There are 2 protein chains.
Amino acid sequence: MASIREVAKLAGVSPATVSRVMNGTAKVDDEKRERVLQAISDTGFVPNAVARSLFKKSARIIGLIIPSITNPFFTQMASAIEKAADEQGYRLIFCNTGTDLEKEKASLTMLESMNADGIILTTSHEEIESYVNQCKVPVIVTDRLFKENKDYNHVHCDHYTGGRLAMEHLLDCGCKKIVCVKGPQQISSAKARYDGYRDVCEEKQVQEYTIDCDYDFNEGLVMTEQLLNQYPDVDGIIACNDMVALSIYKILRKNNIEVPEQIQLIGFDGIYLSNLLTPELTTIAQPIEEIGRKAAELIIHKEENDMGEKEYIFKPALVVRQTTKKKGEGE
Amino acid sequence: MASIREVAKLAGVSPATVSRVMNGTAKVDDEKRERVLQAISDTGFVPNAVARSLFKKSARIIGLIIPSITNPFFTQMASAIEKAADEQGYRLIFCNTGTDLEKEKASLTMLESMNADGIILTTSHEEIESYVNQCKVPVIVTDRLFKENKDYNHVHCDHYTGGRLAMEHLLDCGCKKIVCVKGPQQISSAKARYDGYRDVCEEKQVQEYTIDCDYDFNEGLVMTEQLLNQYPDVDGIIACNDMVALSIYKILRKNNIEVPEQIQLIGFDGIYLSNLLTPELTTIAQPIEEIGRKAAELIIHKEENDMGEKEYIFKPALVVRQTTKKKGEGE
DNA sequence: AGCTAGTTTGAAACCGGTTTCAAAGAACGA
DNA sequence: TCGTTCTTTGAAACCGGTTTCAAACTAGCT
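Because the structure is predicted, anything quoted here is derived from the model rather than measured.

Conventions used here
Residues numbered from 1 in each chain as written. Chains lettered and ligands numbered in written order. Predicted model: local features only at pLDDT ≥ 70, side-chain atom pairs only at ≥ 80, totals over all residues. Heavy atoms only, no water. Helix = DSSP H or I, 4+ residues; strand = E, 2+ residues; numbered from the N terminus. Rg over C-alpha atoms; globule rule 2.2 N^0.38 Å. Contact = heavy atoms within 4.5 Å. Areas by Shrake-Rupley, 256 points an atom, 1.4 Å probe, with all protein chains shown as cover. Lys, Arg positive; Asp, Glu negative; His and termini not counted. Charge placed at Lys NZ, Arg CZ, Asp CG, Glu CD. Buried < 20%, exposed > 50% of the residue type's maximum accessible area, 1.4 Å probe, protein only. Salt bridge = Lys/Arg side-chain N within 4 Å of Asp/Glu carboxyl O. Polar contact = N/O pair within 3.5 Å; in protein donor to acceptor, adjacent residues only side chain to side chain. Nonpolar A, V, L, I, M, F, W, Y, C, P; charged D, E, K, R; others polar. Near = heavy atom within 4 Å. Arc of directions from axis to C-beta. Least-squares fit on C-alpha atoms with pLDDT ≥ 70 in both. Pairing = 2+ DSSP bridges. Right-handed = clockwise from strand over helix to strand, strands pointing away.

Chemist: Looking at this structure, I do not really get the overall build of chain A. What am I missing?
Modeler: A count of helices and strands for chain A gives 13 helices and 12 strands. Its C-alpha radius of gyration of 26 Å places chain A more than 25% over the 20 Å reference for a compact globule of 331 residues. In terms of overall dimensions, chain A has C-alpha extents of about 85 × 40 × 30 Å along its principal axes. Intrachain contacts of chain A at a sequence separation of at least 6 include 68% that bridge at least 24 residues. Per element, the accessible surface of chain A, about 14,500 Å² overall, is 47% carbon and sulfur. Considering chain A, the positive charge centre built from 39 side chains and the negative charge centre built from 50 side chains are found 5 Å apart.

Next up, the structure:
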């Protein structure tokens, strides 16, 4: 409530001096400093962040544009971003897009007009590119690339290798007929994962079986029924992400199919949920927290980084748990 | 980038006129309006939100202070808040506290200095009260009350009735030895739930069995082992929330105990996860989205509301799914 | 003492919209 | 035609910190 001018008046100095005491931007006479500090504590003065950010052109804010706040993958990433941001006095603004392009655009301009210091964007639309280009605020693209070429700061995981790891693991486990539940192929991560699967199929001279599915739990329920119809003798399933893996598991159990005895199942992402369930899900884990932290750091330390079209790729890791098992091995 | 003064110069009018055209706050000559609109579109002018909020003393921001962004209960609530906020052009700022009192305080002052229009707070500390009182920004307390008396705007669920419903349901199902996994009793919701359980015990002349546990998955794992040791003949468990119920289920399965055949299990909250798992969890569901929406609306329409010490209580509902079953009934 | 160099300090401009207030212009009646 | 009232418009103040710039003061040297 109190303003810097009131504090200044009370301390018998100018607003400039109060500002200097608060920020340590210049030397202030000891006796005056004491009076200022006293006045600040007497009035309970808290500097107005809006006024400061108007002048500084920085609101110490990071914008996070993601498809959904309830999706565990994004909340885990968000949590890591929030942690890194909070440590440096930055705040997070959440923008839920539901993958709606118009909302993505609106969030971009809105965050820019709020003097955000940077934006972390997970998009599903190539068309967003021109808007990202116009944006004066640095944009870090995470998880999903929206361009084949590397003109932007990308932080993501090597999904292609992930796809290979998943397939190789199921083959290792002795599966003969492995179905890949492909995610939406316009999303780069889904496509790369499938590419990895397909390349292993080719290399190992194994027949490829696929089914299309959204990155969505409910969609997974429907597609699994269809999968079982289409491939009744399937013995291994690669889900496009962990949430879909959960829905697949649910339908398998509903059909009294034992996992991993009859069908083995592997997910993608390594969200914390994959570890909580019974049974625990075998999955290709991304270092979600590291991705989030890296993205936040790129913005927070943008002065040190040149912010020039870089790509940061993390390695996925196979995490073997309870939904896969080498055939012939006992408990 | 362009400022309102540049737009004004280009259109040959004053900044005031540009402002009036944008906001429709006063009549502007048709021909001038056209010139202004043209200049806006030529320059791609987007008004700076910070400058506006400095004058308006409103940043069209809602602060959300919660213990964790990854906890599904809070993300579901947050999602509903975000939706209601977005519809009215408000943005959400997330503050993760990890139940740390200092972080709660810091978030409160920070949000106030950002000219936030309101704050939605889920706290675990009574001590926060004096800070909430000092806050000029309206604070809505959700989920957990921090005072017995009702001096604040509270939006929450009738946890006491929830506790009763859970216990009555397990009795209905024929359970004889029902253990209540009590949540942290300094948190009002946990206490109310336990009170409900206890009162039903008294009324029905049933022996009360309890075990203490945090609202936390990992804690649940440990406490369940202890529970099985302490009450080997338990046949019904009331978990303090759904996440703890998941962990209880995990340990029960690890001990080869069938649910619901040997032990019946009921959770609390009705997070969407409770429905995704296999088996689906019987739970006492809160109307999480309604709670979030109500809290957001109280802030967005604060002018219409008198904002004077009101309490909004929602009713919980028993959702019977697969972890409970009336004894003696077949599939 | 007189002069220069260095330090502390406050007045005022600034950030970029918004709003007030009074002036200028339009419309209308006498 | 003149006066009155109503409308449109822009100059300037405002929101509340921050920073510049020059004045005032201190210290050090001749």
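Chemist: For this particular structure, what's the right way to read the environment of Lys83(B)?
Modeler: Residue and element names in this part refer to chain B. Within the element layout of this structure, Lys83 appears in helix H5 (residues 72–87). What makes Lys83 exposed here is its relative accessible area of 53%. Remark: the alpha-carbon pair of Lys83 and Asp100, spanning 17 residues in sequence, is separated by 27 Å.

Chemist: Help me out: how do you make sense of the interface of chain A and chain B in this one?
Modeler: The accessible area lost on association of the parts is a frequent measure of interface size. Tallying the contact residues gives 43 residues for chain A and 43 residues for chain B. On inspection of chain A and its partner chain B, the count reaches four salt bridges. With a closest N to O distance of 2.7 Å, Lys250(A) and Glu280(B) form a salt bridge. Summed over the shared surface of chain A and chain B, the number is 16 residue pairs in polar contact (both at pLDDT 80 or more). Where the side of chain A that touches chain B is concerned, the elements lending two or more residues are helix H4 (49–56), helix H5 (72–87), strand E2 (91–96), helix H6 (101–113), helix H11 (242–254) and helix H12 (273–276) of chain A. The element contributing the most residues to the side of chain A that touches chain B is H5(A), with seven residues. Of the residues in the side of chain A that touches chain B, the class split is 24 nonpolar, 11 polar and eight charged.

Chemist: Would you mind going over the protein's contact with DNA strand D with me for this structure?
Modeler: Ile4(A), Arg5(A), Arg52(A), Thr17(B) and Arg20(B) are the nearest of the 29 residues found near DNA strand D. Among the atoms of DNA strand D close to the protein, meaning within 4 Å, 61% are from sugar or phosphate groups. In this structure, a phosphate oxygen belonging to DNA strand D sits 3.2 Å away from a side-chain N or O atom of Lys32(B). Taken together, the elements giving at least two residues each to the surface near DNA strand D come down to helix H1 (4–11), helix H2 (15–23) and H4 of chain A together with helix H2 (15–23) and helix H4 (49–56) of chain B. Among the residues forming the surface near DNA strand D, the class breakdown is 14 nonpolar, six polar and nine charged.

Chemist: I keep staring at the environment of Leu277(B) and nothing clicks. Help me out?
Modeler: Mapping Leu277(B) onto the fold places it in the loop between helix H12 (273–276) and strand E10 (282–285). Sequence separation between Leu277(B) and Leu246(B) is 31 residues; the distance between their C-alpha atoms is 8.9 Å. Ignoring any residue separated from it by four or fewer positions in sequence, one finds Leu277(B) in contact with Lys250(A), Leu277(A) and Leu246(B).

Chemist: Help me understand the protein's contact with DNA strand C in this model?
Modeler: The environment of DNA strand C is made up of 29 residues, and the closest members are Thr17(A), Arg20(A), Ile4(B), Arg5(B) and Arg52(B). Considering DNA strand C, the proportion of its atoms within 4 Å of the protein that are sugar or phosphate atoms stands at 62%. The separation between a phosphate oxygen of DNA strand C and a polar side-chain atom of Asn23(B) is 3.1 Å. A distance of 2.5 Å is found between a phosphate oxygen of DNA strand C and a side-chain nitrogen or oxygen belonging to Arg52(B). Every element with two or more residues in the surface near DNA strand C is listed here: H2 and H4 of chain A together with helix H1 (4–11), H2 and H4 of chain B. For the surface near DNA strand C, the per-class residue count stands at 14 nonpolar, six polar and nine charged.

Chemist: For this particular structure, what's the right way to read H1(A)?
Modeler: Residues separated by three or four positions in an α-helix point in the same direction, a consequence of the helix having 3.6 residues per turn. All names here are of chain A. Listed in full, the buried residues belonging to H1 are Val7, Ala8 and Ala11. The buried residues of H1 all sit within an arc of 100 degrees when viewed along its axis, so they share a single face. Along H1, exposed side chains directed more than 90 degrees from the buried face belong to Arg5, Lys9 and Leu10. On its buried face, H1 is in contact with H2 and helix H3 (30–43). Backbone geometry just downstream of H1 places Gly12 in the positive-phi region, at approximately 70 degrees.

Chemist: How should I be thinking about the relation of the copies chain A and chain B in this particular structure?
Modeler: Two chain copies here: they are related by a rotation about an axis and a translation along the same axis. Screw-axis analysis of chain A against chain B gives a translation of 0.0 Å along the axis, an RMSD of 0.0 Å, and a rotation angle of 180 degrees. A rotation of that kind, with that shift, is consistent with a two-fold axis. Among all residues of chain A, the minimum C-alpha distance to the rotation axis is found for Ile93(A), at 2.4 Å. A share of 100% of interface residues in chain A that are also interface residues in chain B marks the association as one of identical surfaces.

Chemist: Could you clarify how one ought to interpret the pairing of strand E9 (residues 264–269) of chain B in this entry?
Modeler: Looking along a regular strand, one sees side chains alternate from face to face of the sheet. Residue and element names in this part refer to chain B. Within E9, six of the six residues are buried, leaving the element largely enclosed by the surrounding structure. Here strand E8 (residues 236–238) runs beside E9; their pairing, made up of three bridges, is parallel. Paired with Ile238 across the strands is Ile266, a residue of E9. Taking the sense of rotation as the criterion, the β-α-β connection linking E8, helix H11 (residues 242–254) and E9 turns out right-handed. With four bridges connecting them, E9 and E10 associate as parallel partners. Residue Asp269 lies in a different strand from E10, and its bridge partner there is Ala285.

Spatial relationships are all this shows, so hold off on functional conclusions.
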